[in-house]
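Below, each chain spelled out in residue letters.
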Amino acid sequence: MRRIKIFDTTLRDGEQSAGVNLNFTEKLEIARQLERLNVDIIEAGFPAASKGDFASVAEIAREIKGSSVTGLARSVLTDIDAAWEALRYGAEPRLHLFIATSPIHRVHKLKQTKEEVVETAVRTVKYAAAKFPVIQWSAEDACRTELDFLAEIVEEVIQAGAKVINIPDTVGYISPQEYGQIFTYLREHVPSISKVELSAHCHDDLGMSIANSLAAVSAGASQVEGTINGIGERAGNAALEEFAVALHIRKDFYEAETRMNLKEISRTSSLVSKLTGMAVPANKAVVGRNAFAHESGIHQDGVLKEKTTYEIISPELVGLQNNSMVLGKHSGRHAFRNRLNEIGLSVPEHEINHLFSVFKELADRKKEMTDDDLAAIILEEKLSKEQQYYRLESIQVQYGTNQVPTATVTLSGCQNEKIQEASTGSGSIEALYNTLEKCMEETASLLDYRIQSVGAGRDALAQVYVKLDFGGMETSGRGLAQDVLEASAKAYLNAVNRVLYMEETKKVAVNG
Ligand SMILES: [Zn+2]
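Residues numbered from 1 in each chain as written. Predicted model: local features only at pLDDT ≥ 70, side-chain atom pairs only at ≥ 80, totals over all residues. Heavy atoms only, no water.

Caption draft 1: Representation of the packing of helix H14 (residues 352-365) against helix H15 (residues 371-384). Orientation of H14 relative to H15, taken along the N-to-C sense of each, is 130°, at an axis distance of 11 Å. Comparing the axis directions of H14 and H15 gives the class oblique. Here H14 and H15 pass one another in a crossing that is right-handed. Two secondary-structure elements touch here, H14 through His354, Leu355, Val358, Phe359 and Leu362 and H15 through Leu374, Ile377, Ile378 and Glu381. Here the contact of H14 with H15 is composed, by residue class, of 7 nonpolar, 1 polar and 1 charged. (Axes fitted to C-alpha atoms, helices over the stretch in contact; angles between N-to-C directions. Helix = DSSP H or I, 4+ residues; strand = E, 2+ residues; numbered from the N terminus. Parallel < 35°, antiparallel > 145°, perpendicular 65-115°, else oblique. Left-handed = near helix turned anticlockwise from the far one by under 90°. Contact = heavy atoms within 4.5 Å. Nonpolar A, V, L, I, M, F, W, Y, C, P; charged D, E, K, R; others polar.)

Now the structure itself:
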């Protein structure tokens, strides 16, 4: 069996999804879960992009020891320096360096000739090799690059010190057969190819990212890149959970495996979905709510007689368990802490007392506390520790079938000043959001609003996700509360706080 390395870029390419902006704590939480999932490499971000990116990559590199941590850099010396400062204390500092190679990118974006692109690539790989033990080099838009030029530049960067060569299908254009042929061509035409690992990085614009990744494996790739739930630029990246399970179920055919801990898949998927606010479609392979549901009578009958009649993947394989009642108001601190450990939520010892009191307060009002409830309240508490420009003090909403809905809101601003406004709308949420907008200096339009119950029952917690255009910037936020209106107000403020924080640590535009 060959072993295929898993390179996770949920925190870099995945975070580039429209409307997704993860904060420091959320990135760290995802990185810890990726380590439990046993991915080989975590791409933690793009250190030169912003102060915020730099800080989170540095912290992840320092903390994560079970996976190699990498960061992206353009072929620019200052990017490489920033990446080195962020990654140098990691277990195995690894740089992900890229330059565009296709004629479209060379002419319109870089405005460089082939010779200039090769010269820049070689010079920057050599510069980085003096610092980093491992350099992964990517030919951006490799799949639309002339094959002979691709082979030429790959040979040059291997000679300059690259250890991993990534062939990304940046725009999601290639078909499985063609993608395999590129790897075969490189193995036949690049003299030093046996010295490096070959990596596949596929996007899902034509729905072929997993098929392409598997074709690359068949043609000699020993590393596959992707994200959890397939989030990422445009239509997203290859979904790593789908790739790993496909390889596992069809190892008879591919004769390859990963070291991913498949039982952590379900938990990882749900954490990423919660923190990014990107819902997993019910019919999505491996992690969708319906992925293991048998509906037709004939299928149900078959599965009852013998599971394998219609079930090729067992829910247990990906760690899906029945979410049974775990804790209630009589549960003690000890049981609370144990349960947090069991479901993989990392909480520092000095925060346990405070979180336990939050839990108790909620357990008084809500009979049963499930694992999902626990995860939701812990993540919400972590969120409330982030920098907040506006904090919700109180809301009051009046609604009646024959009345004009009216909301009154009190916020505290960043100088602790009180802001109070009231407004109306044609519904409760509109009244509430009109009022919140009056409290701000910018105008905001609501791009998306979703409400979800955490688990079942009339007393379930409400989780609200919003996407806003706030002063011309797209942002998203989430809010949790027992009441839907309070959760809605929190989600709105969370989105606003994130965009204000982002403005403070201005981002530069990046592809890759
Ligand atoms: Zn990409």
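After that view, the rundown keeps rolling.
Caption draft 2: Region of the structure containing the coordination of the zinc ion. All of the protein donors around the zinc ion are Asp13 (OD), His201 (NE2) and His203 (NE2); their distances to the metal are 2.0 to 2.2 Å. Between consecutive donors of the zinc ion, the numbers of intervening residues give the motif D-x187-H-x1-H. You can see Asp13 sitting in the loop between strand E2 (5-8) and helix H1 (24-36) and its partner His203 sitting in the loop between strand E8 (197-202) and helix H8 (209-218), a full 190 residues away along the chain. Across the pair, His203 and Asp13 agree in class, each one buried. (Donors = N, O, S within 2.8 Å, 3.2 Å for Na, K, Ca; no water. Buried < 20%, exposed > 50% of the residue type's maximum accessible area, 1.4 Å probe, protein only.)

Caption draft 3: Layout of helix H11 (residues 265-276). Its 12 residues give H11 an end-to-end C-alpha distance of 16 Å, which sits within 8% of 16 Å, the value for a rise of 1.5 Å per residue. Burial within H11 is extensive, with 10 of its 12 residues counted as buried. For H11, the complete set of buried residues consists of Ile265, Ser266, Thr268, Ser269, Leu271, Val272, Ser273, Lys274, Leu275 and Thr276. Looking at the buried positions of H11, the neighbouring elements they touch are H1, helix H9 (240-249), H15, strand E15 (461-470) and strand E16 (473-481). (Expected span 1.5 Å × (residues − 1).)

Caption draft 4: Region of interest: the pattern of salt bridges. Taken as a whole and judged by the stated rule, the model has 32 salt bridges. When the shortest N-O distance is used, the salt bridge between Arg250 and Asp252 registers 3.2 Å. When its relative accessible area of 56% is taken as the criterion, Asp252 is described as exposed. (Salt bridge = Lys/Arg side-chain N within 4 Å of Asp/Glu carboxyl O.)

Caption draft 5: Main features of the sheet that holds E16. Reading across the sheet, the 3 strands line up as E14-E15-E16 and stay open at both edges, with antiparallel pairing between neighbours. Each edge of the open sheet is held by one strand with a lone partner, namely strand E14 (444-454) and E16. Taken over all neighbouring pairs, the strand axes of this sheet differ in orientation by 15° on average, direction set aside. Note that E14 and E15 share 10 bridges and pair antiparallel. Note on E15: the bridge partner recorded for Gln452 is Gln463. (Pairing = 2+ DSSP bridges.)

Caption draft 6: Layout of the pairing of strand E4 (residues 68-74). Burial analysis of E4 places 6 of its 7 residues in the buried class, which makes it a mostly covered element. Between strand E3 (residues 41-45) and its parallel partner E4, the chain crosses via helix H2 (residues 51-63), and the hand of that crossover is right-handed. Bridging between E4 and strand E5 (residues 94-100) involves 5 bridges; their strand directions are parallel. Each residue of the ladder has a partner; that of Arg74, found in E5, is Phe98. Chirality of the crossover, the property in question, places the unit of E4, helix H3 (residues 77-87) and E5 among those that are right-handed. (Right-handed = clockwise from strand over helix to strand, strands pointing away.)

Caption draft 7: Inspection of the sheet that holds E2 at higher detail. Taken together, the 8 strands give a closed barrel; going around it, the order is E2-E3-E4-E5-E6-E7-E8-E9, and neighbouring strands pair in parallel fashion. Taken pair by pair, the neighbouring strands of this sheet meet at an average axis angle of 25°, ignoring direction. Its contacts with the sheet place H3 against E4 and E5, and it is angled at close to 165° to E4. This element, helix H4 (residues 103-110), spans E5 and strand E6 (134-140) of the sheet and lies at about 85° to E5.

Caption draft 8: Quick look at the nonpolar core. Formed by 92 residues in total, the largest nonpolar core has its most connected members in Trp137 and Ile165. Tallying contributions element by element places helix H6 (residues 147-160) first for this core, with 8 residues. Among the nonpolar cores identified, the runner-up in size contains 27 residues, and Leu432, Phe470, Ala481 and Val499 belong to it. (Core = buried A, V, L, I, M, F, W, Y, C linked by side-chain atoms within 4.5 Å.)

Caption draft 9: Examining the packing of aromatic side chains more closely. Under the counting rule described, the total for this entry stands at 8 aromatic pairs. For the ring pair Tyr179 and Phe183, a centre distance of 5.0 Å and an interplane angle of 85° mean the geometry is edge-to-face. Of the two residues, Tyr179 and Phe183 are both situated in helix H7 (residues 176-189); the distance of 4 residues between them amounts to about one turn of the helix. Here Tyr179 and Phe183 have matching classes, each one buried. The aromatic ring of Phe149 is capped on one face by Arg106, whose charged end is 5.0 Å from the ring centroid. (Phe/Tyr/Trp six-rings, centres within 6.5 Å; stacked < 30°, edge-to-face > 60°. Lys NZ or Arg CZ within 6 Å of the ring centre and 35° of its normal.)

Caption draft 10: A look at helix H16 (residues 428-439). Taking 1.5 Å per residue as the helical rise, H16 with its 12 residues ought to reach 16 Å, and the 17 Å between its terminal C-alpha atoms agrees with that figure. Three or more residues of H16 are buried, namely Ser428, Ala431, Leu432, Tyr433, Thr435, Leu436 and Cys439. Those residues of H16 hidden inside the fold are in contact with strand E11 (391-398), strand E12 (406-412), strand E13 (418-424), E14, E15 and helix H17 (484-504).

Caption draft 11: View of the environment of Lys131. In this fold, Lys131 is placed in the loop between helix H5 (114-129) and E6. Counting along the chain gives 43 residues from Lys131 to Arg88, while the straight-line C-alpha distance between them is 8.6 Å.

Caption draft 12: The pairing of E16, seen in detail. Most of E16 sits inside the fold, with 7 of its 9 residues counted as buried. Where E15 meets E16, 9 bridges bridge the pair, whose relative direction is antiparallel. The partner of Phe470 across the bridge, within E16, is Met473. In this structure, the hairpin formed by E15 and E16 is closed by a connection of 2 residues, where Gly471 is found at a positive phi of approximately 55°.

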